[in-house]
Amino acid sequence: MADKLKEFIQASRSEFDRHPVRDDFKEQLFRTMEQTKTANHGKKQEVGFLTRFAAAASLLLIIGFGIWLWNQTFNTSDTPIIADLSTPPSAVESQVQAPAINQTRHSPEEKYTPFSNNNERSSRVEKSKVKRARLVSFKERKKVLLAEVENHPAPTSIIEQTGTSGEQTKETTQAIAAQLPVVNAHTETTTQVQSPQNITDHHASAPIATRDVASSTSSEPQSVGSFLKKGVMKFLSKKTKQWTNNAVDLKTTPSDEPSSLALNIKSELFEFSKSIPLNHENE
Amino acid sequence: MQEWVKQLKAGDHTAYRKLYDDYARPMYNLCLRMTGNEADAHDVLQDGFVRIYEKIGQLKQVEMLPAWVKKVFVTTSLQFMKSRKSLRFEEIDQQPGMFNLQEESSLLEELENEQLIAYIQDSIPKLADRYRIVFTLHAMENMSHEEIAKELNIVAGTSRSQYLRAKQKLLEIIKKNKDHGRQTERIYTGITQ
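Predicted model, so just to flag it, every value in this text is computed and none were measured. Counting from 1, residues in each chain are numbered in the order their sequence is written. Chains and ligands are labelled sequentially in the order written, the chains with letters from A and the ligands with numbers from 1. Where totals are concerned, whole chains, interfaces and linings use all residues; where local detail is concerned, this predicted model gives features only for residues with pLDDT of at least 70, and gives and counts side-chain atom pairs only at 80 or more.

Regarding the overall build of chain B
Under the DSSP-based scheme used, a helix requires at least four consecutive residues in state H or I and a strand at least two consecutive residues in state E, with every element numbered from the N terminus. Across its full length, chain B holds nine helices and zero strands. Each helix (α) and strand (β) of chain B, taken in turn from the N terminus, gives the series α-α-α-α-α-α-α-α-α. Here chain B holds 193 residues, and the buried ones make up 34% of them. Contacts in chain B between residues at least 24 apart in sequence constitute 72% of all its contacts with a sequence separation of at least 6. Each residue is classed by its C-beta neighbour count within 10 Å, where at least 20 other C-beta atoms makes it buried, 12 or fewer makes it exposed, and intermediate counts make it partly exposed; the C-beta atoms are placed from backbone geometry. Contacts here follow a simple rule: the backbone-placed C-beta atoms of the two residues must lie within 7 Å.

Quick look at unusual backbone geometry
Backbone geometry places N142 of chain B, a non-glycine residue, at a positive phi of 60 degrees. A tally of 12 C-beta atoms within 10 Å means that N142 of chain B is categorised as exposed.

Observations regarding helix 8 (residues 145-152) of chain B
Residues and elements named next belong to chain B. Those residues of helix 8 that sit buried are H145, I148, A149 and L152. Buried residues of helix 8 fall within an arc of 100 degrees about the axis and therefore sit on the same side. At the C-terminal side of helix 8, N153 shows a positive phi close to 60 degrees. The arc in question is the one traced by the directions running from the helix axis out to the C-beta atoms.

Observations concerning the packing of helix 3 (residues 38-55) of chain B against helix 4 (residues 65-84) of chain B
Residue and element names in this part refer to chain B. In contact at an axis separation of 9 Å, helix 3 and helix 4 are set at 130 degrees when each is read in the N-to-C sense. In terms of orientation, helix 3 lies oblique with respect to helix 4. In terms of crossing hand, the pair formed by helix 3 and helix 4 is right-handed. Each of D40, V44, D47, G48, R51 and I52 in helix 3 lies in contact with helix 4, whose residues at this interface are V69, V72, F73, T76, S77 and F80. Residues belonging to the contact of helix 3 with helix 4 are distributed by class as follows: six nonpolar, three polar and three charged. Each axis is a line fitted through C-alpha atoms, and for a helix only the stretch in contact is used; angles between axes span 0 to 180 degrees, taken between their N-to-C directions. Each angle receives one of four descriptions, namely roughly parallel if under 35 degrees, roughly antiparallel if over 145, roughly perpendicular if within 65 to 115, and oblique otherwise. Here is the rule for handedness: rotate from the far helix to the near one, and if that takes an anticlockwise turn smaller than a right angle the crossing is left-handed, while a clockwise turn gives right-handed. Three categories are distinguished: nonpolar for Ala, Val, Leu, Ile, Met, Phe, Trp, Tyr, Cys and Pro, charged for Asp, Glu, Lys and Arg, and polar for the others, with Gly belonging to the last.

Section: the environment of R130 of chain B
Residue and element names in this part refer to chain B. Position of R130 relative to the elements: it lies in helix 7 (residues 129-140). Taking the C-beta count within 10 Å as the criterion, R130 has 22 such neighbours and is therefore assigned buried. Each C-alpha atom, one on R130 and one on A166, is 8.5 Å from the other, the two residues being 36 residues apart in sequence.

A closer look at the confidence of the model for chain B
The predictor attaches a confidence to each residue, called pLDDT, with possible values from 0 through 100. Summarising the model, chain B shows a mean pLDDT of 83, and 84% of its residues fall at 70 or more. Scoring the predicted complex yields pTM 0.49 and, for the interface, ipTM 0.83.

Considerations on the nonpolar core
All names here are of chain B. Here, a nonpolar core means buried Ala, Val, Leu, Ile, Met, Phe, Trp, Tyr and Cys residues linked by C-beta atoms lying within 7 Å of one another. If you look at the biggest cluster of nonpolar residues, it comprises 51 residues, and the most contacted ones within it are C31, L45, V134 and F135. Considering every element that reaches this core, the biggest residue donor is helix 2 (residues 13-35), with nine residues. Ignoring sequence-local partners within four residues, the contact set of C31 consists of A41, V44, L45, F73 and S77.

Let's talk about the interface of chain A and chain B
Across the contact, 22 residues belong to chain A and 26 residues belong to chain B. Those elements giving two or more residues to the side of chain A that touches chain B turn out to be helix 1 (4-11) and helix 2 (25-76) of chain A. Top element by residues in the side of chain A that touches chain B is helix 2 of chain A. It accounts for seven residues. Classifying every residue of the side of chain A that touches chain B gives nine nonpolar, five polar and eight charged.

What follows is the structure, given as structure tokens:
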């Protein structure tokens, strides 16, 4: 449908713009534009400051959140746990009561098998919480341990006791071995006591640190911080272990009759080896 | 034009004076048709130029400057009208308006071009806001009904029906003015005779 009126208007379009603009309008307009320019400049500066402030605040928040997340990751990760061993008398008062070890230790298969279902996952989370609680006591214990190690150098004194009955000695040895607080099946080194004598080691009651070997074989991705912390923990526990009875290798001379006691002490700092003749008359 | 737009973007006052000289009059007439009175038209014209000054950086294609300037003034005018008056486009207006094509043809043939332009110019401000806006945008600014519908947040059918009603009203006013002019002419002729 032809729109004749529109066609006519479009044909003579310029004729319709007849009305002139007010004379003083131009100067008024440019004054307004100048004011707008000034106002906009001030606004831009203000916006720039606000933007920078917001960016800085956001950055701080992100960093704070990152640190918090890092700590969370470390606390929930599989932290090495020092075995709850018999403690020196001096540390008994100061230490926090820790749960029994056999309640928290796991076999390697159980511990590092990937989650198979949600129940197992929730169970893991619960266990992780227990571990976290234990970690607090561990940190306090660690201080005691380190202090104890420094106060008591590795070499141990062995007090021999009379008693040469083979059966009795064997039972005693087994009893000692059973009492030895090396409960982690994955401990790298174990104490070997093969003595027909009833050995009383002052440092047997000293804290024995064992490390969780399997934790170092975990295939889970770890953050750098967590990795470093684990490394430090590993180093500390290794040192502690070296300075305690793990470094003591007690062997008896294989003979029909108890004749001597071999004492081998190995450490990074020194190596000591001595064979003590089991001559009761010498006492 | 490229250099000119570059100067405009740089905030050069000489370039803005040139822009004013080229566009002030047609844009003022556009604003006048949209608002219906001179005072409001001047306010909208000022707002439009300030907006161009602020938003010139958003112009991507240099050759689109005339269309962009016109769009800025149309948008500013519509915002002004929406803020000052309630623009209501009733749903019933979606029905096509009745229009006598014969009457339109005879009127256009009957009047001289100059006369007709004057009559149209005088009649547009007498239209209701919604009719005047749609008529101005479609007949004067050559915008499609789809574009108008988009600007006014209405459907294209409403724009079409509003335009037909506007045209009908406009022709009625022109006819009335023409008849009134004849009567006045007769009276004048009679007195003088």
